[in-house]
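Architecture and fold: a report
The chain contents come next:
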Amino acid sequence: MTKILTGGVGKVEVADTVRNLGLDGVEVVVSSDMDAAMKLRVNQADFYLGTCHTGAGASLGVLVGLMGQAACHTFGRSVPSEDEVTALIASGKKVFGFAMDQIAEVAPVIARAIAARG
């Protein structure tokens, strides 16, 4: 089972969006950024999806500080392709940030890429 934690301003909306996809093998848990960082560090969770108003700094601030930039990527205001997310996961990214007004477009792309990694 792959565990995705959600955090930031739109954490409940992200969790609901991902849950509504009905992806096999994916569990979604609403979290705080600090709790998420600790769980990711000790392998109690696999990924984190964070949101803020711009999708830039605040969506991942604590996670970048505690996990390091190498584990984190923000899409800011862009909507990624599933191939882009797959490549980022393959490069070691576990923490993704994006703008809260794009939850309906971005969260499913990231969640499907996570679920498809097998």
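Scroll up to find the structure.
Residues numbered from 1 in each chain as written. Predicted model: local features only at pLDDT ≥ 70, side-chain atom pairs only at ≥ 80, totals over all residues. Heavy atoms only, no water.

Our next topic: the packing of helix H4 (residues 82-90) against helix H5 (residues 103-116). Between H4 and H5, the least distance of the axes is 9 Å, while the angle of their chain directions is 55°. In terms of orientation, H4 lies oblique with respect to H5. Every pair of crossing elements has a handedness; the one defined by H4 and H5 is right-handed. Contact residues: H4 offers Glu82, Val85, Thr86 and Ile89, while H5 offers Val109, Ile110, Arg112, Ala113, Ile114 and Ala116. Of the residues in the contact of H4 with H5, the class split is seven nonpolar, one polar and two charged. (Axes fitted to C-alpha atoms, helices over the stretch in contact; angles between N-to-C directions. Helix = DSSP H or I, 4+ residues; strand = E, 2+ residues; numbered from the N terminus. Parallel < 35°, antiparallel > 145°, perpendicular 65-115°, else oblique. Left-handed = near helix turned anticlockwise from the far one by under 90°. Contact = heavy atoms within 4.5 Å. Nonpolar A, V, L, I, M, F, W, Y, C, P; charged D, E, K, R; others polar.)

Within helix H1 (residues 11-19), the full set of buried residues consists of Val14, Ala15 and Val18. Around the axis of H1, the buried residues are gathered within 100° of arc, so they sit on the same side. Buried residues in H1 make contact with strand E1 (2-8), strand E2 (26-30), strand E3 (47-52), strand E5 (95-99) and H5. (Buried < 20%, exposed > 50% of the residue type's maximum accessible area, 1.4 Å probe, protein only. Arc of directions from axis to C-beta.)

Here we come to the sheet that holds E3. Strand order in the open sheet made by the five strands is E2-E1-E3-E5-E4, with parallel pairing throughout. Lying at the two open borders of the sheet, with one neighbouring strand each, are E2 and strand E4 (72-74). Taking the axes of each pair of neighbouring strands and ignoring which way they run, one obtains an average angle of 20° across the sheet. Where E1 and E2 come together, five bridges link them in parallel fashion. Bridging from a neighbouring strand, leucine 5 pairs with valine 29 of E2. (Pairing = 2+ DSSP bridges.)

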